[in-house]
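Here's the letter readout for the chains.
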Amino acid sequence: MKEYEETTAFLGQWGPYQKIIFFLICSTALANGLVLFSLVFLNGIPKHHCLIPEVNLTEEWRAAIIPIEVLNGKQELSRCSRYRLDVVLNLSAQGLNPGVDVNLTDLHQENCVDGWNYSKDIYQSTFVSEFNLVCKDQWKQPFTSSVIFIGVFFGSFISGQLSDRFGRKPVLFATMAVQTIFTFVTIFSPSWAVLCILIFWASFGQVGNYVAGFVLGCEILNGNVRVLFSSLGITLGFSIGYMMLPLFAFFLRDWKSLQLGLTVPGLLYIPMWWMITESPRWLLSQGRVEEAEAILRNAAKKNKIDAPDVIFDDPKEVNIQAKQQYHIIDLIRTLHVRNTTFLLFLLWVTVATGYVGLSINTAQLHPNPYLSCFLSAVVEVPAYISSWLALQYISRRLSFVCILVVAGSSLYLIQLVPEGLSGVTIALEMLGKFAITAGATLVYAYTAEIYPTGLRNTGTAVCGSVSRMGSILSPFLLSLSVYYKFMPQLVLGTLAFVSLFTTLFMPETFKKPLPQCIEEMPKRKRFIPSKKNMKRQSHIQYNTCNLGSWRTVGRHKSGTPYLDEKGVTTEG
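Quick caveat, the model's predicted, so the values are computed rather than measured.

Asks: Even after reading the chapter, I still don't get the overall build of the chain, so can you show me in this structure?
Replies: Check the secondary structure of the chain and you find 22 helices and eight strands. Within the chain, contacts between residues at least 6 apart in sequence are counted, and of these 78% link residues at least 24 apart. For the chain, the exposed surface amounts to about 26300 Å²; the carbon and sulfur share of it is 63%.

Given below as structure tokens:
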């Protein structure tokens, strides 16, 4: 049976049909870029201190009632305590002055029993100020960020299987609707617990439509256009949305207004249902040959090309392949596939933890979070361009080796920068973000190239789900800086070097057709193959997806059958 890409070559690679699919699917990623890191602003921590009620205090005591603490070598007002209000009221009524008649260090302190006063210099309101996620409830702030990635975890896991079973297009639009609806409903959250439930479902839909759209584009587009889409097109759509986020947040500084603004793009995607087609590859894998041919004939009409009278000249062979239904257990069923899957898990965890951790942390590199978020988004553009060039001209394993060396080295070197050279520190962290972002792009394309059609979306989604464990922990990883300033960078750099070693055991997929079944999955080869293996590989050649079109004509000494399409015995 011919390869799918060979069969559909009559369409060309860059006609009107492919252009419509390319740009529409890329545009769906814009909403993902807007929503994913909106937590930087929605969950931002404004400056705050204990609220002082309107009581009869002199101006001197009102200014002195908040203790002074030293944090990171700087004096700041205490965020979680004040001098006991009843004692201060008594001293103020006696006409005593703080620091002159009264030694403040002798006074007892109390918690913020009347609430907090939040600065509005940067944010009008956030999750933190709305639900008081500070002091004894401070753990809820990073946990809220983690909930977003818990939703992404389950979204990656479940939507992938739904997409493989019900189709790429229905899941793409269903999860897009989930993201839009629940992003809007969060505005009405009466409590922090309800907020967490709603943002869980919003993030569930967010990753579901990104993965479904990514796989849909990879399966419809062919050749260099597919590489352009997977490495540059859809990622630039995401980065454009990411760069628009600080603009939205700058003008919508109240968290409810920002959430409302983030729902608008979802409504604009409704007409795309009638413009984006289902994946013909997926239809073939389900045995729906007539529907696949109808889509391809319609595509040929749009491209002003005459389709052949019979596109799939042997439907029986297509149906044989279509009966090969795969499930999530197939990711670990055999030794070869299991090893590949676990190595991909580690690679995905590394790039996901680094990408999320550095994206959140770079917002703290500059006093203006809107500017720092924009810079963090801008650095992704050259990263995506680099990954596109790498996919075009460099083998996959070599690409990951270079990326992980740059990421690990830059994050390690941050520790050696003198205290006064903050610009160098920012540059090194941005270099690490650049490398990790390129890796995050490559790992999607690499995974899609490894797994066969019936398992591709599930494989990509499960790898993404496992990687979210790192994303979930990233907000708490950043809190390790309390113990050592550069501990987060040290952990991320170590992960990069560990993954660097494991890439040596990964299979190569560079310039190879997408596999249609598990038996066609690329296997790891030695860097310098032995003569024995080379001889054996040259003698044993067979069609692995459809053994029905071959026949056994001889056996190797080890008992392995020689299979030849023309019935010619291969000498061993």
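Asks: Explain the environment of Thr447 to me, please; I cannot follow it from the model alone.
Replies: Relative to the helices and strands, Thr447 resides in helix H19 (residues 422-450). Look past the residues within four positions of Thr447 in its chain and what remains in contact with it is Leu344, Trp348, Gly459, Thr460 and Cys463. Engagement of the side chain of Thr447 in a polar contact is seen with the backbone oxygen of Val443, the distance being 2.7 Å.

Asks: Explain the pattern of salt bridges here, please?
Replies: Where charged atoms from two side chains of opposite charge come close, those side chains can pair. Overall, the coordinates contain 12 salt bridges when judged by the stated rule. For the salt bridge of Asp137 with Lys140, the shortest nitrogen-to-oxygen distance reads 3.9 Å. Where Arg168 meets Asp164, a salt bridge forms, and the shortest distance between an N and an O atom there is 2.5 Å. Residue Arg168 is classed as buried on the basis of its relative accessible area of 0%.

Asks: Sorry if this is basic, but what is going on with empty space enclosed by the protein here?
Replies: Empty space among the atoms can be located by rolling a probe the size of a water molecule over them. A complete count under the given rule lists six cavities of 30 Å³ or more for this structure. Here the largest cavity is characterised by a volume of approximately 380 Å³. Elements represented by at least two residues in the lining of the largest cavity include exactly helix H2 (16-36), helix H7 (140-166), helix H9 (192-220), helix H10 (223-251), helix H15 (335-362), H19 and helix H20 (453-478). Along the lines of polarity and charge, the residues of the lining of the largest cavity split into 16 nonpolar, eight polar and one charged. Approximately 150 Å³ is the volume found for the second largest cavity. In terms of lining, the second largest cavity is formed by 14 residues, of which the most central are Val35, Ser38, Ile148, Ile199 and Ala202. At the level of secondary structure, the elements contributing two or more residues to the lining of the second largest cavity comprise H2, helix H8 (168-185) and H9. Per-element tally for the lining of the second largest cavity: the top contributor is H9, with four residues. Partitioning the lining of the second largest cavity into residue classes produces eight nonpolar, six polar and no charged.

Asks: Where do I start with the nonpolar core in this structure?
Replies: Among soluble globular proteins, nonpolar side chains are generally buried collectively. Judged by nonpolar contacts, the single largest core of 145 residues is most densely connected at Phe41, Phe238 and Ile276. The element that contributes the greatest number of residues to this core is H9, accounting for 14 residues. For Phe238, the contacting residues outside a window of four places in its chain are Ala29, Leu30, Asn32, Gly33, Leu36, Phe37, Tyr210, Tyr355, Glu380 and Tyr384.

Asks: Got a minute to help me understand helix H13 (residues 289-302) in this structure?
Replies: If you check H13, its first and last C-alpha atoms are 20 Å apart, about what 14 residues at 1.5 Å a residue would give, namely 20 Å. Those residues of H13 not exposed but buried are Val289, Ala292, Glu293, Ile295, Leu296, Ala299 and Ala300. The arc that holds every buried residue of H13, seen down its axis, measures 160°, which confines them to one face. Seen from the open side of H13, the exposed residues pointing more than 90 degrees away from its buried face are Glu290 and Lys301. Looking one or two residues past H13, Lys304 carries a phi angle of roughly 60°, positive in sign.

Asks: What exactly am I supposed to notice about unusual backbone geometry here?
Replies: Most of the time, phi is negative for any residue but glycine, and the peptide bond is trans. The residue Cys135 is not glycine, and still its phi comes out positive at about 55°. Within the secondary structure, Cys135 is located in the loop between helix H6 (127-131) and H7. One non-glycine residue with positive phi stands out, namely Lys304, at about 60°. Note that Lys304 resides in the loop between H13 and helix H14 (315-322).

Asks: Would you take a moment to explain the side chain of Ser92 for this structure?
Replies: By secondary structure assignment, the location of Ser92 is in helix H5 (residues 85-93). Polar contacts involving the side chain of Ser92 include one to the main-chain amide nitrogen of Thr58, which spans 3.2 Å. Not counting residues up to four positions away in its chain, the partners in contact with Ser92 are Asn56, Leu57, Thr58 and Trp61.

Criteria and cut-off values
- Residues numbered from 1 in each chain as written.
- Predicted model: local features only at pLDDT ≥ 70, side-chain atom pairs only at ≥ 80, totals over all residues.
- Heavy atoms only, no water.
- Helix = DSSP H or I, 4+ residues; strand = E, 2+ residues; numbered from the N terminus.
- Contact = heavy atoms within 4.5 Å.
- Areas by Shrake-Rupley, 256 points an atom, 1.4 Å probe, with all protein chains shown as cover.
- Polar contact = N/O pair within 3.5 Å; in protein donor to acceptor, adjacent residues only side chain to side chain.
- Salt bridge = Lys/Arg side-chain N within 4 Å of Asp/Glu carboxyl O.
- Buried < 20%, exposed > 50% of the residue type's maximum accessible area, 1.4 Å probe, protein only.
- 1 Å grid on protein atoms, 1.4 Å probe; cavity = no way out; pocket = protein on both sides within 12 Å on 5 of 7 lines; lining within 4 Å.
- Points joined across faces, edges and corners; volume = space filled by probe spheres on them.
- Nonpolar A, V, L, I, M, F, W, Y, C, P; charged D, E, K, R; others polar.
- Core = buried A, V, L, I, M, F, W, Y, C linked by side-chain atoms within 4.5 Å.
- Expected span 1.5 Å × (residues − 1).
- Arc of directions from axis to C-beta.

So far we have only geometry, and geometry alone does not tell us how the molecule works.
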